[in-house]
Amino acid sequence: MTTTAARTAAASYSYEDLPALMERMTGDEKHGPAATSTLDVLWVLYDRVLRVTPDGVRDPGRDRFLLSKGHGPMAYYAVLAAKGFVPVEWLPGFGAYDSPLGHHPDRVLVPGVEIASGSLGHGLPIAVGTALGLRAQGLGGPAVWTLTGDAELDEGSNHEAIAFAGPAALDRLHTVVVDNSSASHARPGGIAARFEAAGWSAATVDGRDHEALYEAFTAPHPGRPRVVVARVEPKNARPAPLFCSLSLEGHTRHGHHA
C-alpha cells in the first residue's frame, strides 16, 4: 500500500478499532502491560493534540513526539497505522527480521518516529535537548512531547533532565508519565511532586479518561515545562475493558520496567 493509500484508509479508523489493529501484531515479545497502558495517552495525543501529519513528518514546524517507553511499541504502531503514518499491512510483520516494525521503534525505518528508543532513560533527556535546539533556532511554535513509564524514572538520566528543564524554563517541553505502579522506588503522589520541586507544572489524571487527559495536555503553563502523570491499572492487574479480548502475553524481559 502506498503512503497516500495508507492515509486514505486511516480516515476510517477510530479508537475502538485499536485493539483489532494490535491483534494483527503476532511477534513473540509484546510487553503486554507496556502496550495496553500507553494506548489511551497515545490516542489522545495523536487524535487531538499533536500538530504533525503523515505529510509533515519532516516539517520544521511540526510538534515532536518522542516515545521513551519504546520497549513496548505495539500501541504506538497501532496508533501510527490508524492515523496513516504507516500502512496497516505492516502490522502482521511486527518483530520479524525483515519488518520495519521492530521491538524497538527505529526512526530510519518507521515514518513519523522521531527517535530510536527502548533503552530506558533516554527519551526525556533527548526531549530536553530537542527543546533547547528548537529554541536556539528561533522555532518557538513546535511543542516537544515525550512519553515515559513510572519505572523508567528510576534511571538517573531522567533526574538530570527534570532538574535542568525547570530552571531553563522550557515551556515547549511536555512529559507524560504513564504510571502503572511498576517503579521500584515510588511513593503515592511522588512523581508529580518530584517534577514540581524542579519547577515544572504538573497534573495527575486518570490515564483512561480521554477528556481528563486532553484537558491536562492543553492546560497553559507559561514559563514552565509540563508533566502529566497518567495513572492506569497496575501492570499485573486485569486490563481495562477495551483490551480484555487481546491475547497479549506480557513478556517482561526488561525486568521491572513494564
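Quick note: structure is the one above.
Treat the numbers as computed from the prediction; the structure is a model and nothing was measured.

Draft legend 1. Highlighting the pairing of strand β4 (residues 201-206). For β4 and strand β5 (residues 226-231), the ladder comprises 6 bridges, and the chain directions are parallel. Its bridge partner lying in β5, A203 is registered against V228. For the crossover from β4 across helix α8 (residues 210-218) to β5, the handedness is right-handed.

Draft legend 2. Inspection of the nonpolar core at higher detail. Counting residues in hydrophobic clusters, the biggest one holds 49 residues, and the most contacted among them are L18, V41, Y46, F65, W145 and F217. Setting aside anything within four residues of it in sequence, one finds Y46 in contact with V52, F65, Y76, V79, L80, K83, F85 and G112. Residues I115, L134, A161 and F195 belong to the second largest nonpolar core, which totals 23 residues.

Draft legend 3. A look at helix α6 (residues 156-165). Along α6, the residues that are buried comprise N158, A161, I162 and A165. Seen from one end, α6 has its buried residues packed into an arc of 100°, which puts them on one side. Buried residues along α6 sit in contact with α5 (123-136), β3 (173-179) and α7 (190-197).

Draft legend 4. A look at the pattern of salt bridges. Using the criterion set out here, one finds 7 salt bridges in the structure. Measuring nitrogen to oxygen at the nearest pair gives 2.5 Å for the salt bridge that ties D47 to K83. You can see D47 sitting in helix α3 (residues 32-49) and its partner K83 sitting in the loop between α4 (74-82) and α5, a full 36 residues away along the chain. Of the charged contacts, one joins D63 and R51 as a salt bridge, the two residues approaching to 3.1 Å between their closest N and O atoms. On the criterion of sequence distance, the pair formed by D63 in the loop between α3 and β1 (64-67) and R51 in the loop between α3 and β1 is long-range, its members being 12 residues apart. A residue is classified by how much of its surface remains accessible, and D63, at 4% relative accessible area, is buried. By sharing partners, the salt bridges in this structure join D40, R208 and E233 into a single network.

Draft legend 5. Summary view of the packing of α5 against α6. Direction vectors running N to C along α5 and α6 enclose 30°, while the axes themselves pass 8 Å from each other. With respect to their mutual orientation, α5 and α6 come out roughly parallel. Seen from α5, the contacting residues are L124, P125, V128 and L132; seen from α6, they are S157, N158, A161, I162, F164 and A165. Among the residues making up the contact of α5 with α6, the classes are represented as 8 nonpolar, 2 polar and no charged.

Scoring rules and cut-offs
- Residues numbered from 1 in each chain as written.
- Predicted model: local features only at pLDDT ≥ 70, side-chain atom pairs only at ≥ 80, totals over all residues.
- Heavy atoms only, no water.
- Pairing = 2+ DSSP bridges.
- Helix = DSSP H or I, 4+ residues; strand = E, 2+ residues; numbered from the N terminus.
- Right-handed = clockwise from strand over helix to strand, strands pointing away.
- Core = buried A, V, L, I, M, F, W, Y, C linked by side-chain atoms within 4.5 Å.
- Buried < 20%, exposed > 50% of the residue type's maximum accessible area, 1.4 Å probe, protein only.
- Contact = heavy atoms within 4.5 Å.
- Arc of directions from axis to C-beta.
- Salt bridge = Lys/Arg side-chain N within 4 Å of Asp/Glu carboxyl O.
- Axes fitted to C-alpha atoms, helices over the stretch in contact; angles between N-to-C directions.
- Parallel < 35°, antiparallel > 145°, perpendicular 65-115°, else oblique.
- Nonpolar A, V, L, I, M, F, W, Y, C, P; charged D, E, K, R; others polar.

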